[in-house]
Each structure stands twice: as C-alpha cells, then as structure tokens.
Amino acid sequence: MSETTTGTAKRLPIIAIDGPAGAGKSTMAAHLARRFGFLNLETGAMYRALALKAIENDLDFGDEPALMELAAYTRITLQPQFEGNRVLLDGVDVSRRVRDEDVTAAASRVSVHPQLRTWMVDQQRALGSKGGVVMEGRDIGTAVFPDAEVKIFLDAAPEVRGNRRYHQTSPTKAVTEESIIADLKERDSRDRNRAESPLKAAEDAVILDSTAMTLNEVLTAAEEVVRAHVPEPLLHK
Ligand code: DC
C-alpha cells in the first residue's frame, strides 16, 4: 500500500496509534512524527478541551443534549509541536489546563456520548484527510481512519502504566501510586465498555505490549512497524 485512493483524491499515509491511558501513545506519536516528518495529532486533547468547557459552564457530564449544544459554539484547535500538541479552546491556549485531574476525569465521562463522538470524529477525519499524520487516541484505527496504512495498538499492564505516570507527576499528598493505578483502571473500564467505539485493537492492528520493554525498545519496534507498512519514499526521513 502506498498512497490511498479515496474517491479521486490521493492522500499520504496515516499512522493510527490507539491504546489505554498511560501506555505511552503520546511519546510514541511525537517520536514517529519527528522521525518521519508527519504531523502529530492528539485526539484526546479534543475531548479534554470540550470537557474543560463543560466544567466552565457547570454542565452535567451525563447530559448529552446540553453537551451537544455547547459543542455547537465551540472551536477546538490542535497545533502540533515538537512534543505533543498545543490546544486552543475558542482561541485560548488551554494546553496545560486540560491536563489537570478534574479535566482528565471529565473527559473520560463526556467521551462516552455517541453524538459527541460523531462530532469529534468528523473533525478528526477533516484534520487527517490529506494524510501525513500520526493520529493518537482510542478509536483511530477502528472508527476514525479504519483504512489507515499503519495501526499500532499500544498496551501495558495497568500497574506498569500507573507506575510510569506516578514518576512523571509532581508529588502531592493526595496522589499516590495506588490512586493513579485505580484511576487508570476506572478510565480503562469506561473506555473499553462504552457502547460507541469502545477501546479495542483493530483486527489489522499490530499490538505492542510495552509492559516489559524499555522506551527505546518500544520506539524502535514502532519505527519497524511503520517501515514494514509504508514504502520508503513516502517517509520523509
Ligand atoms: O488520551 P487522553 O488521556 O488525553 O484522552 C482523554 C479522554 O478522551 C480519555 O478518557 C479517553 C477519551 N478519548 C476517546 O474516547 N477517544 C479518543 N480518540 C481519544 C480520547
């Protein structure tokens, strides 16, 4: 497979990275984007941005009609950077704020709603329509771009994901390694069990389990997967 024909327009390759929270998807996506000269798009940041707006408007995260009304006058912009994305909510940079714990919990709740997911998926398809992107999330290989040239499902045991995240977080009394693991398991369960586009590996995804791998090993394995699926001339570096 090289360039894919969608109707009459050809597009560049798409690399889809899916997997549970804390598996290292963002690090992998940023690395592959730099390595191969692609744009890196973190779709989770879009759910986070809408969740932040829901918090600011004091909305009930279970109230889908109210969330859809809010979405109708919401503009979310992802600006790919060397590391990760800058996130603009209605033109305001919320990149740091969307990583806070209250937004993380809210994003997990708002992302279960089918209509809201459709609203997000439409925008994500438009963002990636020309290809040349590494798109990272939960449903990229299954729902957003089922025809992606490369699909990686990055997994790791919850204890290992929680441990890594614990060591990346600034220590506070309220946050323990156990509380992070419990929180990850709760979000995993919501992501995997929702009715609409639940988190699961696409049938044609390459599954990488990083539980017993170093970061370098994971990144090297991911590069190999890309090279196995995309002809060299389409990789910029
Ligand atoms: O990847 P993340 O932790 O930034 O994602 C935030 C939330 O958004 C997470 O609870 C799952 C949800 N999400 C989703 O449902 N589908 C995506 N494609 C990306 C994220």
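Placed above this text is the structure.
In this text the structure is predicted, and so the values were computed from the model without any measurement.

(A) Expanded view of the overall build of the chain. The number of helices and strands found in the chain is nine helices and ten strands. Computed over its C-alpha atoms, the radius of gyration of the chain comes to 17 Å, within 12% of the 18 Å expected for a compact globule of 237 residues. By its C-alpha atoms, the chain is 50 × 40 × 30 Å across when sized along the principal axes. When each of the 237 residues of the chain is scored for burial, the buried share is 50%. Within the chain, residue pairs in contact and separated by at least 24 positions form 72% of the contacts whose partners lie at least 6 positions apart. Carbon and sulfur atoms make up 53% of the accessible area of the chain, which totals about 11,500 Å². Charged side chains in the chain number 30 positive and 36 negative. The centres of these two groups are separated by 3 Å.

(B) Representation of the site of the ligand in the model. If you check the shell around the ligand, you find 15 residues, and the closest are Arg-48, Arg-117, Arg-138, Asp-139 and Arg-194. At 2.7 Å, a side-chain N or O of Arg-117 approaches an oxygen atom of the ligand. Contacts to the ligand include Arg-138, whose side-chain N or O atom sits 2.9 Å from an oxygen atom. Against a free-state accessible area of 450 Å², the protein chains account for coverage of 96% of the ligand. Here the element with the most residues in the shell around the ligand is helix α2 (residues 44-56); it accounts for three residues. Class assignment for the residues of the shell around the ligand results in two nonpolar, five polar and eight charged.

(C) Structural context of the sheet that holds strand β8 (residues 133-137). Spatial ordering of the open sheet is given by β4-β8-β3-β9-β10, a layout of five strands whose pairing is parallel. In the strand order of this sheet, the two ends are held by β4 (39-42) and β10 (206-209), each with one partner. Along the sheet, successive strands turn relative to each other by an average axial angle of 20°, direction set aside. For strand β3 (residues 14-18) and strand β9 (residues 150-155), the ladder comprises four bridges, and the chain directions are parallel. For Ile-17, the partnering residue across the bridge sits in β9 and is Ile-152. In this fold helix α5 (residues 114-128) packs onto β3, β4 and β8, with an angle of close to 160° to the strand it touches most, β8.

(D) Geometry of the pairing of β9. Counting buried residues in β9 gives six out of six residues, a clear majority hidden from the surface. Where burial is concerned, the two faces of β9 agree: the one with Val-150, Ile-152 and Leu-154 and the one with Lys-151, Phe-153 and Asp-155 are both buried. In this structure, β9 lies alongside β10, joined through four bridges in parallel fashion. The partner of Asp-155 across the bridge, within β10, is Asp-209.

(E) Expanded view of unusual backbone geometry. At Asp-58, a residue that is not glycine, the phi angle is positive and equals roughly 55°. Considering the arrangement of structural elements, one finds Asp-58 in the loop between α2 and α3 (64-72). The phi dihedral of Asp-90 falls on the positive side, at around 50°, and the residue is not glycine. In this structure Asp-90 comes out as partly exposed when scored by relative accessible area, which is 32%.

About the criteria used
- Residues numbered from 1 in each chain as written.
- Predicted model: local features only at pLDDT ≥ 70, side-chain atom pairs only at ≥ 80, totals over all residues.
- Heavy atoms only, no water.
- Helix = DSSP H or I, 4+ residues; strand = E, 2+ residues; numbered from the N terminus.
- Rg over C-alpha atoms; globule rule 2.2 N^0.38 Å.
- Buried < 20%, exposed > 50% of the residue type's maximum accessible area, 1.4 Å probe, protein only.
- Contact = heavy atoms within 4.5 Å.
- Areas by Shrake-Rupley, 256 points an atom, 1.4 Å probe, with all protein chains shown as cover.
- Lys, Arg positive; Asp, Glu negative; His and termini not counted.
- Charge placed at Lys NZ, Arg CZ, Asp CG, Glu CD.
- Near = heavy atom within 4 Å.
- Polar contact = N/O pair within 3.5 Å; in protein donor to acceptor, adjacent residues only side chain to side chain.
- Nonpolar A, V, L, I, M, F, W, Y, C, P; charged D, E, K, R; others polar.
- Pairing = 2+ DSSP bridges.
- Axes fitted to C-alpha atoms, helices over the stretch in contact; angles between N-to-C directions.

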